[in-house]
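Each chain is listed here by its residues.
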Amino acid sequence: MRTLQIAVVGSGPAGLYTAEALLKQGAALDVPHAIKIDVIDRLPTPYGLVRYGVAPDHKSIKSIAEKLRTVLEHDGVSFVGGVHLGDDVTREDLLASYDAVVYATGAMRDRRMGIPGEDLPGSVAATDFVNWYSGHPDIDPGKYTLDAESVAVIGVGNVAVDVARILIRDPEELRQTDISQPVLDTLMTSKVREVHMIGRRGPAQAKFTTKELRELGELPGVEVVVYGGEADLDTFDPTGESARLAESDRHVRGNYTVIKEWAGREPAGSARRLFIRFWLRPTEIHGPSQVSGLTLERTRLDESGKFVGTGTYDTLNVQMVLRSVGYQSVPLLGVPFDDRAYVVPNAEGRVLGPDGAALPGEYVAGWLKRGPTGVIGTNKSDAAETVRALLADLAGGPGPDEAQLPRAGLLRYPEPGPEAADGNGSASRFEQLLASRGIRPVSYDDWLGIENAEKELAASLGRGARVKLSSREELHRACGLAARF
Ligand code: NAP
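Here is a short report on the structure shown in this document.

1. Some words on the site of the ligand
In step 1: Inspection of the region around the ligand gives 21 residues, with Val156, Val159, Arg200, Arg201 and Gly374 positioned closest.
In step 2: Within the backbone of valine 159, one N or O atom sits 3.1 Å away from an oxygen atom of the ligand.
In step 3: Separating a nitrogen atom of the ligand from a side-chain N or O atom of glutamate 212 is a distance of 3.2 Å.
In step 4: Contact with the protein chains covers 84% of the free accessible surface of the ligand, which is 930 Å².
In step 5: Its residues placed into classes, the shell around the ligand shows 8 nonpolar, 7 polar and 6 charged.
In step 6: Two domains each provide a minimum of three residues to the shell around the ligand, namely domain 1 (4-108 + 329-442) and domain 2 (110-326).

2. Some points on the packing of helix H11 (residues 241-248) against helix H12 (residues 250-263)
Each pair of packed helices can be summarised by the angle the axes make with each other and by the distance between the axes.
In step 1: Between H11 and H12, the shortest axis-to-axis distance is 6 Å and the interhelical angle comes to 100 degrees. The angle between H11 and H12 falls in the class roughly perpendicular. From H11, Leu245, Ala246, Glu247 and Ser248 reach across to H12, where they touch Arg250, Val252, Arg253 and Tyr256.
In step 2: Here the residues of the contact of H11 with H12 sort into 4 nonpolar, 1 polar and 3 charged.

3. Thoughts on the nonpolar core
In step 1: Within the largest apolar cluster, 51 residues are counted, with the highest numbers of intra-cluster contacts made by Phe129 and Ile276.
In step 2: The element that contributes the greatest number of residues to this core is helix H7 (residues 158-168), accounting for 7 residues.
In step 3: Viewed by domain, this core spans two of them, domain 1 (4-108 + 329-442) and domain 2 (110-326), each represented by three or more residues.
In step 4: Not counting residues up to four positions away in its chain, the partners in contact with isoleucine 276 are Met197, Leu213, Leu216, Val224, Val225, Val226, Glu230 and Trp262.
In step 5: Counting 46 residues, the second largest nonpolar core, distinct from the first, contains Val8, Ala19, Leu22 and Ile37.

What counts, and at which threshold
Residues numbered from 1 in each chain as written. Predicted model: local features only at pLDDT ≥ 70, side-chain atom pairs only at ≥ 80, totals over all residues. Heavy atoms only, no water. Near = heavy atom within 4 Å. Polar contact = N/O pair within 3.5 Å; in protein donor to acceptor, adjacent residues only side chain to side chain. Areas by Shrake-Rupley, 256 points an atom, 1.4 Å probe, with all protein chains shown as cover. Nonpolar A, V, L, I, M, F, W, Y, C, P; charged D, E, K, R; others polar. Domains from an automatic or database assignment. Axes fitted to C-alpha atoms, helices over the stretch in contact; angles between N-to-C directions. Helix = DSSP H or I, 4+ residues; strand = E, 2+ residues; numbered from the N terminus. Parallel < 35°, antiparallel > 145°, perpendicular 65-115°, else oblique. Contact = heavy atoms within 4.5 Å. Core = buried A, V, L, I, M, F, W, Y, C linked by side-chain atoms within 4.5 Å. Buried < 20%, exposed > 50% of the residue type's maximum accessible area, 1.4 Å probe, protein only.

In structure tokens:
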């Protein structure tokens, strides 16, 4: 039986759901194939945004890692950590080593707002801040000191909700989570007492989901403040569309119910306050050497429903600005990339070349395929679509036009070398390539070493089930590797 060798680049939800779909759909193929999947990640740790994106206090979402673990522990799947596509291996190396490659590297860069002062110290991309509180090895755990008393969070999506909640909630409540100790220590001494979450449009256009929004009102000791005028659906929207959405759209109706209730409350004067503001767009972050304020322009919709500035400005006294205006994917070396949509151009997951034709053996899944939208579960159906395309290419043979093999979109089927013939025996083509470059990847067992070290750390600190190791050095030590990734 031929073994199909597949590389999945990225071990986050998109990558692991792809591996899972390959196993499931592959088992149902008419012509049976064994499938061997290498899940490659630049980090020594698997799970991508589940480990380094989901907030530490969202334990139920974090438990998705337990489900994804079963994929990594499947006989047909190997974790190949600490290998960077770009620095360590090239796209051509992957294509020469595997029958197919699925890119699933997500979206890790922040979008820019394009306003003066965006690069001042104290103006922080949410991507960076999320990485910091998640203990990402790319970020120095001492990077933020949280000396600001007032912070503006720009954007009203779920990431804005996450960063606002972590900034304003009592850090004592994070003690039993896996948040790294240096980050917890910083939050314990944080001076932040006011967070202003800023939406450039109204409550009916906000991107956050109702469950996440409601949670903000349940934080002990934190008062949520919404101004009645800004919550009104008609004041800044002459088209009536906001009011219509609040009737007809379940998502908007849910959000609006929560916001309306907050807008109707008497101020309680709590020590920690979270202001949720609407119809304000940032126009300038003030310095001179550090963030000292944020100018906002009042906005509205015009008669055609376009959002416009009104020429009325106000300056908010804040010492930190967190820009949470969406994520972007980064191009992978040599892989086609759409510079405007920030995705890999694709049709149902088949990577498209410059002429619009599918490239043999190359596929894409997750945020890199469709942009940074949806919840983690969205990646399951997204990955299943990509795998359907991949396996159809395997099974398809010549297309309806009777083109000869290999036609674009079909798997590559490189001639198996003796070492790669069964995919199980001696070192695979890719392992040999890494060894020839002196690269020793992080295996799944190595990762289990990191997990154990995190459990031991939690026990020694008297804190919950596990506490994240927060630096490269600690991760290296825990998996017994020389410092290189
Ligand atoms: P998002 O949902 O796209 O929200 C981005 C926000 O930034 C929007 O409010 C947007 O306003 C605003 N924005 C964009 N450009 C702006 C500018 N120049 N000035 C001011 N505001 C601007 O993105 P996200 O919050 O980064 O979330 C990404 C994805 O991850 C989403 O699908 C989200 O649901 C998901 N996620 C889920 C969870 C969870 O389930 N708990 C947690 C975190 C993230 P406009 O609408 O006006 O453009």
